[in-house]
Structures are given as structure tokens and as C-alpha cells.
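Examining the three-dimensional arrangement
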Amino acid sequence: MARDIQITFDCADPAGLSAFWAEALGYRLQDPPPGFESWKEALEALGVPPERHNDASAVTDPEGSGPRLFFQKVPEGKQVKNRVHLDVRAAPGLEGDARMAALEAEAERLIAHGGTRIRRHEPAPPLDFGHIMMADPEGNEFCLD
């Protein structure tokens, strides 16, 4: 039986990082619980002190097919390269110059939202069609593929 999964990010700024990943993936911030117009209203009603309002955040696929991404505040910063990373499929079906142009355009869009370009890997057929290695605003590596 296949299981649903959630991908969890340890981070310093859950609200900021969730906004970046919502933009990168075409996701949306998770809605507040039923009966509340906003997360602020829900957190206040639950008695969560204001200094803890940015302890967690989540984004979801608006179509319901992709995994939920959960962002939780931790005290320590990122230490080393990720052993697991996301590949954001930004140029499916494209090859050669058209593929790399689409990846470059997406890299520029994400840089405008706080991402960082690390390096470009040129196509090396038959197995590598080229990709761009990036980092989110807190330094978590991902690839535009």
C-alpha cells in the first residue's frame, strides 16, 4: 500500500521559507483550521503567544496530488550539504537549448524570490539533460531539472 508523505524542513523562518517554496512549486499556504479567517486569528484563539506564531508553517499542492511541505523552527542553522534534496521539474519534455533556457528563466524567477544560484550543469547526453543547482533562502540545496 502506497503511503502519503510529508516533507519536513527544519529552518529559522518557517513563514519565509514556506512562502518561497509555495512560489517555487505553485503550492499555496495551508488554510487555517475551519472557523478561522486567518492563521493569526486561529493561533490567538488557541492561546499561542505572539512570539511563537512563526514556529511552523505548511504549504500544500492546490490540486491535492503533491506532498505537503512542513516547515518547523529549530534553534540551529544548516550545517552541511543536504543528503536528500528536491528536484523541481521546471522543463519537462524539453531538451538542449530550449531546456536550458527554460531552466535559466525559472532560476531567475526564484532568485527574485530569495533563491540562490549555485551552478549550472551542462547537458551531457545520453543520461544528463542538464540542470541548475540552487539553494532556497536558508541554504537548502535543490535542483531545477
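Everything discussed here concerns the structure shown above.
Residues numbered from 1 in each chain as written. Predicted model: local features only at pLDDT ≥ 70, side-chain atom pairs only at ≥ 80, totals over all residues. Heavy atoms only, no water.

1. Focus: the side chain of Asp-61
The following threshold applies: In this description a helix means any DSSP run of H or I spanning at least four residues, a strand means any run of E spanning at least two, and both kinds are numbered starting from the N terminus. A 3.5 Å cut-off defines polar contacts: any pair of N or O atoms within that distance qualifies, except that in protein one atom must be a possible hydrogen donor and the other a possible acceptor, and neighbouring residues in sequence count only when both atoms are side-chain atoms. It only takes one pair of heavy atoms within 4.5 Å for two residues to be counted as in contact.
If you trace the backbone, Asp-61 turns up in the loop between strand 3 (56-60) and strand 4 (68-73). Engagement of the side chain of Asp-61 in a polar contact is seen with the side chain of Ser-65, the distance being 2.9 Å. Once residues lying within four places of it in the same chain are set aside, the contact partners of Asp-61 are Tyr-27 and Gly-66.

2. Describing the sheet that holds strand 1 (residues 6-11)
The test is simple: By this definition, two strands are paired if DSSP reports at least two bridges between them.
With mixed pairing, the 4 strands of this open sheet are ordered in space as 1-4-3-2. Two strands bound the open sheet, and with one partner strand each, they are strand 1 and strand 2 (28-29). Where strand 3 lies against strand 4, 4 bridges are found, and the strand directions are antiparallel. Within strand 4, the residue paired with Ser-57 across the bridge is Phe-71.

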